[in-house]
Amino acid sequence: MIVKETKLKGCFVIEPKIFNDSRGYFFESFNQKTFNELTNQNVNFVQDNESFSSKGVLRGLHYQTGEHAQAKLVRVIKGCILDIAVDIRTDSETFGEYIALELAEDSKKQLFIPRGFAHGFVVLSDTAIFSYKCDNFYNEESEGGIIFNDKDLNIDWVLPEGELIISEKDLVLPKLKEAKL
């Protein structure tokens, strides 16, 4: 497993070692001991989630606040997505900055997003199955979000805005400046 920290402190790209042969492939998608050692994090994942989406579906940008904040380890099981993590830690040198990473079934890359980040993704393939581990349970009262097209963030979602499929709930999210962090 290769682990590389991104420009956003605490956010890591994880590339597993894949064993291919004539029968198919095998890889270890998660190992708590190895993960903790390579990231210097002590994360205990308690919930796994999975979503299925069609091309153009944009989910995000979402986060949990306070004691219900969540770190996530995300990956694509089928298809290809553009994954976005935005640093919303108000005391961070990179507050308001984001990283964009293509995650696809072929590469098996994963992204670890620590607590204090907003997260979202857009589906680039015909369909995608997206999986993520969380280190805290979902709490509806602690849910927050940032509008996908916040001009201050200036995120390039790759697809034209007219091709994006966004929930009504996500279309009314506030800008980062107005978000409850």
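Each chain carries its own residue numbering, running from 1 in the written order of its sequence. Residues qualify for local features only when their pLDDT is at least 70, as the model is predicted, and side-chain atom pairs are given and counted only at 80 or more; totals for whole chains, interfaces and linings, by contrast, use all residues. Hydrogen atoms and water are omitted, and side-chain values are computed over all heavy atoms in the structure.

Undergrad: Whenever I open this one, the overall build of the chain confuses me. Can you help?
TA: When its secondary structure is counted, the chain shows 2 helices and 14 strands. Expressed as lengths along the three principal axes of its C-alpha atoms, the size of the chain is roughly 50 × 35 × 30 Å. Think of it in three bands: with a 1.4 Å probe and only protein chains considered, a residue is buried below 20% of the maximum accessible area for its type, exposed above 50%, and partly exposed in between. In the chain, which comprises 181 residues, the proportion classed as buried is 50%. Surface accessibility in these figures is a Shrake-Rupley result with a 1.4 Å probe; residues are shielded only by whichever protein chains are displayed. Counting only carbon and sulfur atoms, one obtains 47% of the accessible surface of the chain, whose full area is about 9800 Å². The sign given to each residue is positive for Lys and Arg and negative for Asp and Glu; His and the chain ends receive no count. To locate a charge, take atom NZ for lysine, CZ for arginine, CG for aspartate or CD for glutamate. When the 21 basic and 29 acidic side-chain charges of the chain are each reduced to a single mean position, those positions are 4 Å apart. Comment: elements are numbered from the N terminus, with helices defined as DSSP H or I runs of at least four residues and strands as E runs of at least two.

Undergrad: For this particular structure, what's the right way to read the side chain of Asp 150?
TA: Mapped onto the fold, Asp 150 is located in the loop between strand 13 (143-145) and strand 14 (165-166). Any Lys or Arg side-chain nitrogen found within 4 Å of a carboxyl oxygen on Asp or Glu counts as a salt bridge. Buried and unpaired, Asp 150 has Lys 175 as its nearest opposite-charge partner, separated by 5.9 Å. Think of a polar contact as two N or O atoms within 3.5 Å of one another; within protein, one of them needs to be a possible hydrogen donor and the other a possible acceptor, and neighboring residues in sequence only count if both atoms come from side chains. From its side chain, Asp 150 meets the backbone nitrogen of Asp 152 in a polar contact 2.8 Å long. Reaching out from Asp 150, the side chain makes a polar contact with the backbone nitrogen of Leu 176 at a distance of 2.6 Å.

Undergrad: I keep staring at the sheet that holds strand 2 (residues 12-15) and nothing clicks. Help me out?
TA: By way of backbone hydrogen bonds, the strands of a sheet pair with one another, either parallel or antiparallel. If you trace the 6 strands from one edge of the open sheet to the other, you get 1-2-10-7-12-5, paired in antiparallel fashion. What marks the edges here is a single partner per strand, and that holds for strand 1 (2-5) and strand 5 (47-54). Across the sheet, the mean angle from the axis of one strand to that of its neighbour is 20°, orientation sign disregarded. When DSSP finds at least two bridges between two strands, those strands are taken to pair. Relative to strand 12 (residues 127-134), strand 5 runs antiparallel, the two sharing 8 bridges. Angles run from 0 to 180 degrees between N-to-C directions of axes, and those axes are lines fitted to C-alpha atoms, restricted for helices to the stretch in contact.

Undergrad: What am I meant to see in the packing of aromatic side chains here?
TA: To describe a pair of aromatic rings, you give the distance between the ring centres and the angle between the ring planes. Each Phe, Tyr or Trp ring (for Trp, its six-membered ring) is paired with any other whose centre lies within 6.5 Å, and the angle between the two planes then decides the class: stacked below 30 degrees, edge-to-face above 60, tilted in between. What the rule picks out here adds up to 8 aromatic pairs. Arranged with centres 4.1 Å apart and planes meeting at 25°, the rings of Phe 121 and Phe 130 form a pair that is stacked. Taken individually, Phe 121 and Phe 130 each receive the classification buried, so the pair is uniform in this respect. Within the aromatic cluster, the residues linked to one another by ring pairs are Phe 12, Phe 30, Phe 35, Phe 45 and Phe 112. Charge-over-ring contacts are defined here by two conditions on Lys NZ or Arg CZ: a distance within 6 Å of the ring centre and an angle within 35 degrees of the ring normal. Sitting over the ring of Tyr 25, Lys 108 keeps its end group 4.2 Å from the ring centre. Over the ring of Phe 30 we find Lys 133, and its NZ or CZ is 5.3 Å from the ring centre.

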